[in-house]
Amino acid sequence: MRAAVLHEIGQDKLEVLDDVEATGFGPGRVRIRVRATGLCHSDLSAMSGVLPQPGPFVPGHEGAGEILEVGEGVRGLKPGDRVVVCWLPACGACPACKRGQTQLCLAGFMNAGTPNFKRPGGDVFGFAGTGTFAEEVVVDAGCAVPIPDDVPFDIAALIGCGVTTGLGAALNTADVKAGSSVAVIGCGGVGISAIQGARLKGAAEIVAVDPVPARREAALRFGATKAVSPDELPDAKQQVTGGEGFDYVFEVVGKSATARTAYENTRRGGTLVVVGAGAMDDHLQLNMFELFFDEKRILPSMYGGGDVLRSYERTIALWRAGRIDLAGLITHRVPLAEINEALDQMRTGTALRTCIEI
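Under an unreviewed UniProt entry, the name given to the chain is Zn-dependent alcohol dehydrogenase, and the source organism is Streptomyces yaanensis. As recorded by UniProt, the Sequence similarities (unreviewed entry) comment attached to the chain reads in full: "Belongs to the zinc-containing alcohol dehydrogenase family." Of the chain, the UniProt comment under Cofactor (unreviewed entry) reads exactly: "Zn(2+)".

Bringing the nonpolar core into the picture now. A general tendency of soluble globular proteins is for nonpolar side chains to be buried together. Residues Val-30, Ile-32, Phe-133, Val-182, Ile-195, Phe-250 and Ile-356 are the most contacted members of the largest nonpolar core, which totals 99 residues. By size, the runner-up hydrophobic cluster in this structure holds 12 residues, among which are Ala-183, Val-207, Val-249 and Ala-262.

For the structure shown, the criterion picks out 20 salt bridges. Between Asp-19 and Arg-119 there is a salt bridge; the shortest N-O distance is 2.9 Å. Placement of the pair is Asp-19 in the loop between β2 (15-17) and β3 (21-22) and Arg-119 in strand β8 (residues 117-119), with a sequence separation of 100 residues. In the salt-bridge network here, residues are joined through shared partners; they are Lys-13, Asp-344 and Arg-347.

Here we take up the packing of aromatic side chains. Going through the model one piece at a time under the given rule, you end up with three aromatic pairs. Here the aromatic rings of Phe-289 and Phe-293 are separated by 5.2 Å at their centres, their planes lie at 15 degrees, and the arrangement is stacked. One end of the pair, Phe-289, and the other, Phe-293, are both in helix α10 (residues 288-294), four residues apart, so they sit about a helical turn from each other. Positioned above the aromatic ring of Phe-293 is the side chain of Arg-268, whose terminal nitrogen or guanidinium carbon lies 4.1 Å from the ring centre. Seen from the ring of Tyr-263, Lys-296 lies directly overhead, with NZ or CZ sitting 4.2 Å from the centre.

Moving on, we come to the sheet that holds strand β9 (residues 122-126). Spatially, β3-β8-β9-β5 is the arrangement adopted by the four strands of the open sheet, whose pairing is mixed. One side of each edge strand has no neighbouring strand; the edge strands of this open sheet are β3 and β5 (57-58). The sheet contact formed by β5 and β9 spans two bridges and is parallel. Looking at the pairing, Val-58 lines up with Gly-126 of β9.

Attention now goes to helix α7 (residues 213-221). For α7, the full list of buried residues reads Arg-215, Arg-216, Ala-218 and Ala-219. Around the axis of α7, the buried residues are gathered within 160 degrees of arc, so they sit on the same side. Exposed and oriented more than 90 degrees from the buried face of α7 are Glu-217 and Arg-221. One or two positions beyond α7, positive phi appears at Gly-223, with a value near 125 degrees.

Bringing unusual backbone geometry into the picture now. Among all residues save glycine, negative phi is the norm, and among peptide bonds the norm is trans. At the junction of Gly-55 and Pro-56, the peptide bond is cis and its omega measures out at -5 degrees in the coordinates. Along the chain, the position of Pro-56 falls in the loop between α1 (41-48) and β5. The phi dihedral of Tyr-303 falls on the positive side, at around 50 degrees, and the residue is not glycine. The topology assignment puts Tyr-303 in the loop between β17 (297-300) and α11 (308-320). The exposure class of Tyr-303 is buried, given its relative accessible area of 3%.

A few words on the layout of surface pockets. Taken as a whole, the second largest pocket spans an internal volume of roughly 190 Å³. Every residue along the wall of the second largest pocket is listed here: Cys-86, Leu-88, Pro-89, Ala-90, Thr-102, Ala-141, Gly-142, Ala-144, Val-145, Asp-307, Val-308 and Leu-309. Only β11 (144-146) and α11 provide two or more residues apiece to the lining of the second largest pocket. When its residues are assigned to classes, the lining of the second largest pocket shows nine nonpolar, two polar and one charged.

Further remarks concern the environment of Ile-298. As for its position among the elements, Ile-298 is in strand β17. By relative accessible area, which is 29% here, Ile-298 ends up partly exposed. Each C-alpha atom of the pair Ile-298 and Leu-200 lies 22 Å from the other, and the pair is 98 residues apart in sequence. Beyond its immediate chain neighbours, meaning those up to four positions away, Ile-298 contacts Tyr-263, Leu-272, Val-274, Leu-286 and Leu-291.

Here we come to the packing of α1 against helix α12 (residues 339-348). Contact geometry of α1 with α12 gives a least axis separation of 10 Å together with a crossing angle of 100 degrees. Here α12 runs roughly perpendicular to α1, going by the angle between their axes. When α1 is examined against α12, the residues His-41, Leu-44 and Met-47 are found in contact with a partner set consisting of Leu-343, Met-346 and Arg-347. Across the contact of α1 with α12, the residue classes break down as four nonpolar, one polar and one charged.

Before going further, it helps to examine the sheet that holds strand β13 (residues 205-209). Strands belonging to one sheet form pairs held by backbone hydrogen bonds; the direction of such a pair is parallel or antiparallel. Across the sheet, which stays open at both edges, the six strands sit in the order β14-β13-β12-β15-β16-β17 with parallel pairing between neighbours. If you trace the sheet from one side to the other, it starts and ends with β14 (226-228) and β17, each paired once. For this sheet, the mean inter-axis angle between neighbouring strands, taken without regard to orientation, is 15 degrees. As paired strands, strand β15 (residues 246-251) and strand β16 (residues 266-274) are joined by five bridges and run parallel to one another. Along β16, the bridge assignment pairs Phe-246 with Thr-266. The sheet contacts of helix α9 (residues 256-264) involve β12 (181-185), β15, β16 and β17, and relative to β16 the element is tilted by about 150 degrees.

Cut-off values and rules
- Residues numbered from 1 in each chain as written.
- Predicted model: local features only at pLDDT ≥ 70, side-chain atom pairs only at ≥ 80, totals over all residues.
- Heavy atoms only, no water.
- UniProt positions renumbered as here; feature names shortened; annotations may be inferred.
- Core = buried A, V, L, I, M, F, W, Y, C linked by side-chain atoms within 4.5 Å.
- Buried < 20%, exposed > 50% of the residue type's maximum accessible area, 1.4 Å probe, protein only.
- Salt bridge = Lys/Arg side-chain N within 4 Å of Asp/Glu carboxyl O.
- Helix = DSSP H or I, 4+ residues; strand = E, 2+ residues; numbered from the N terminus.
- Phe/Tyr/Trp six-rings, centres within 6.5 Å; stacked < 30°, edge-to-face > 60°.
- Lys NZ or Arg CZ within 6 Å of the ring centre and 35° of its normal.
- Pairing = 2+ DSSP bridges.
- Arc of directions from axis to C-beta.
- 1 Å grid on protein atoms, 1.4 Å probe; cavity = no way out; pocket = protein on both sides within 12 Å on 5 of 7 lines; lining within 4 Å.
- Points joined across faces, edges and corners; volume = space filled by probe spheres on them.
- Nonpolar A, V, L, I, M, F, W, Y, C, P; charged D, E, K, R; others polar.
- Contact = heavy atoms within 4.5 Å.
- Axes fitted to C-alpha atoms, helices over the stretch in contact; angles between N-to-C directions.
- Parallel < 35°, antiparallel > 145°, perpendicular 65-115°, else oblique.

Okay, here's the thing in structure tokens:
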């Protein structure tokens with residue numbers, strides 16, 4: 001079958017090969033025919049080595065498709081079922097799951113260390129234990145979440161990561177209060193979803209911050225009340241908050257520099273939500289006095305900060321009701337053979353989300 005493979009960490013191009021085989025099928029596992037997958041910035045971060053991932057590997061973790069085969073012991077799934085791929089499934093038995101913090105379950109991360117594919121030259125891993133830049137993938141049954149028939153595969157793919165992450169940051173982690181002021185730094189697919197979440201919660205002012213003009217224009221269509229470049233953020237802070245700072249600031253880039261900017265633009269007693277996934281050697285510096293004196297809440301948000309399955313259901317309900325726009329997030333579409341074009345669209349910021357049609 002065909003799959004896009006990164007041979008070595010640090011390479012910036014993928015090679016689409018037709019000699020890849022999805023492996024690991026057996027009890028408790030399912031084989032999925034991938035129909036659509038989104039390109040998330042985390043895929044680029046794994047390719048560059050910012051996020052830890054053994055190689056060679058097939059990127060992709062934001063996918064949807066249909067079940068081809070179910071292994072022994074699998075319940076609630078059958079061939080032909082339409083599913084979204086969940087790269088962070090909850091085991092239901094670990095301490096985090098028992099506390100109701102299923103987004104912190106480590107079972108999915110453990111899958112990342114087991115090869116999902118093989119080629120004549122050896123084993124190939126799947127990013128985040130999945131690897132959806134392939135025609136087929138074999139995953140634990142818990143990674144395959146059924147979706148209703150009226151949800152298109154491309155929409156379902158977005159729900160598998162970016163939309164759930166951004167919406168959840170606003171709805172779950174921050175629990176944005178009506179009438180509040182919000183700034184979102186980084187307005188790709190996840191940042192736009194955070195903007196939609198803040199709008200749903202009734203934020204009065206939502207300032208989108210991004211260096212790419214097209215993304216700023218898009219942010220206004222999705223609910224931002226103002227869109228500025230990073231250099232214009234101080235003026236926006238003055239105009240919107242009188243210089244005090246925003247009630248909520250979402251950092252959706254994953255770098256210490258933008259996290260520091262987010263902290264400085266959060267009002268005293270306000271909330272900084274860290275959504276972007278960054279490198280282990282990139283350290284955010286805060287002094288002990290400002291931590292004490294400013295009393296700003298710093299809230300990391302992992303995969304939307306809530307129960308993933310409930311978040312999927314909520315997102316579908318909001319989409320059906322017309323309360324959020326998911327189709328508009330897909331600005332580009334490419335076949336798997338042109339995956340490197342999608343990478344360029346992400347790197348240059350010309351795409352909010354590129355749908356890879358498989």
